[in-house]
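Here is how the chains run, residue by residue.
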Amino acid sequence: MQQERRKEALLPKFGRCTVSSILVLLTQFSLSLIPRFFSASSFLLQLTLSGIVVLFVLGFGRWCRRLLGVHASAPAFVFLNLLFIWSVYFCVVRPAVPFFMDAIFSGEVVMLFIGVCSILSSNPGFVTHLTSHSDNLIEVGTLEIEADNEDPLLLKRVRYCKSCKAYVKGFDHHCPAFGNCIGQSNHALFMVLLLGFLSTEASYIMCSLQFVRGSQIEPVTRFELGLRGTLVTGTMLFTLLQVLWQGIFMAWHIYCICFNIRTDEWINWKKYPEFQVIAQSQPGGSFSKMSFTNPYDKGILQNVKEFCALPG
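We now turn to the structure provided with this report. (Residues numbered from 1 in each chain as written. Predicted model: local features only at pLDDT ≥ 70, side-chain atom pairs only at ≥ 80, totals over all residues. Heavy atoms only, no water.)

In this section: the nonpolar core. With 48 residues, the main nonpolar core has Tyr-89, Val-93, Phe-178, Phe-190, Leu-193, Tyr-204 and Cys-207 as its most contacted residues. For this core, the element with the highest residue contribution is helix H7 (residues 187–215), accounting for 11 residues. Cys-207 has contacts with Tyr-89, Val-93, Val-97, Met-101 and Phe-105, leaving out every residue within four places of it along the chain. Membership of the second largest hydrophobic core comes to 7 residues, among which are Phe-126, Cys-161, Cys-164 and Cys-181. (Core = buried A, V, L, I, M, F, W, Y, C linked by side-chain atoms within 4.5 Å. Buried < 20%, exposed > 50% of the residue type's maximum accessible area, 1.4 Å probe, protein only. Helix = DSSP H or I, 4+ residues; strand = E, 2+ residues; numbered from the N terminus. Contact = heavy atoms within 4.5 Å.)

As structure tokens, then:
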């Protein structure tokens, strides 16, 4: 089932990658114009304008999808943005960076490429029959699953992903950026990869600042920057936006790990009876109130310990 889901025609896949490439170039080119035409503005204003540009490009991609039927690939968009930033670093920034910073950043980029490829092909914990006669998905609509050597609590947390059209153990969310579900088997890999993105982007910001200082570029003269300077500043603005967004996203996931709750369960807890507590307003009264409870929370230390023990 998983292999059939992943099989796509070569031509549509190539078309999606082409659209993603155009969106990446549009994004980076637009961001490079901000330090050129708003050089006298504050850095906070430039960062705000960068966020508007990124949202505009994403909205343009959605518009193309709805009206023109042209699809982009979110994983390709992530991969190509990473490749673009690495190319700017290698061609422009690298000569101005000390050897140890260059070695650290280059190593982080290589590990990040490996991590992205790994999570794209990872199995998040698809639920299948363990017999050799059938590979069909287990029906878990009523949460009644029969499987050998499985923790009943984990089996209760099997959720259905509409994007993958499959049941996933420990389903957290479907990540469009990686084109895969995040579940029991790859949640730890997802967190490591998220940390890798933050570390790599922070390193690029430091290298970019090193390039700016080495080139003696002051904020008041940014309008006079050439193509090299605007590319570096534009990509630095993009990575700063990524750090802010991914930092918030990672803080949310750390919170969820500490309290042993999944993103899907937090958002859609009214769909799952085990997260519901029905309280009557008074004895014999007709009014009742439903509130949230988490039966899987065993305390922060035990929750973190169980998460670290999950297969990654």
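Right, let's talk about the pattern of salt bridges for a bit. Across all of its chains, the model carries 5 salt bridges by this definition. Between Asp-102 and Arg-94 there is a salt bridge; the shortest N-O distance is 3.2 Å. Owing to a relative accessible area of 37%, Arg-94 belongs among the partly exposed residues under this scheme. Among the salt bridges present, the one from Glu-265 reaches Arg-157, with a minimum N-O distance of 2.5 Å. With a gap of 108 residues between them, Glu-265 in helix H9 (residues 263–267) and Arg-157 in the loop between helix H6 (152–156) and strand S1 (159–161) connect regions that are remote in the sequence. Sharing partners across several salt bridges, the network here consists of Arg-157, Arg-159, Glu-265 and Glu-274. (Salt bridge = Lys/Arg side-chain N within 4 Å of Asp/Glu carboxyl O.)

What follows covers the packing of helix H4 (residues 74–93) against helix H5 (residues 99–120). Two packed helices can be described by the angle between their axes and the distance between those axes. Contact geometry for H4 and H5: axes closest at 12 Å, N-to-C directions at 165°. Comparing the axis directions of H4 and H5 gives the class roughly antiparallel. Crossing handedness for the pair H4 and H5: left-handed. Contact residues: H4 offers Pro-75, Phe-79, Leu-82, Leu-83, Trp-86 and Tyr-89, while H5 offers Asp-102, Phe-105, Ser-106, Val-109, Leu-112, Phe-113, Val-116 and Leu-120. Within the contact of H4 with H5, the residues separate by chemical class into 12 nonpolar, 1 polar and 1 charged. (Axes fitted to C-alpha atoms, helices over the stretch in contact; angles between N-to-C directions. Parallel < 35°, antiparallel > 145°, perpendicular 65-115°, else oblique. Left-handed = near helix turned anticlockwise from the far one by under 90°. Nonpolar A, V, L, I, M, F, W, Y, C, P; charged D, E, K, R; others polar.)

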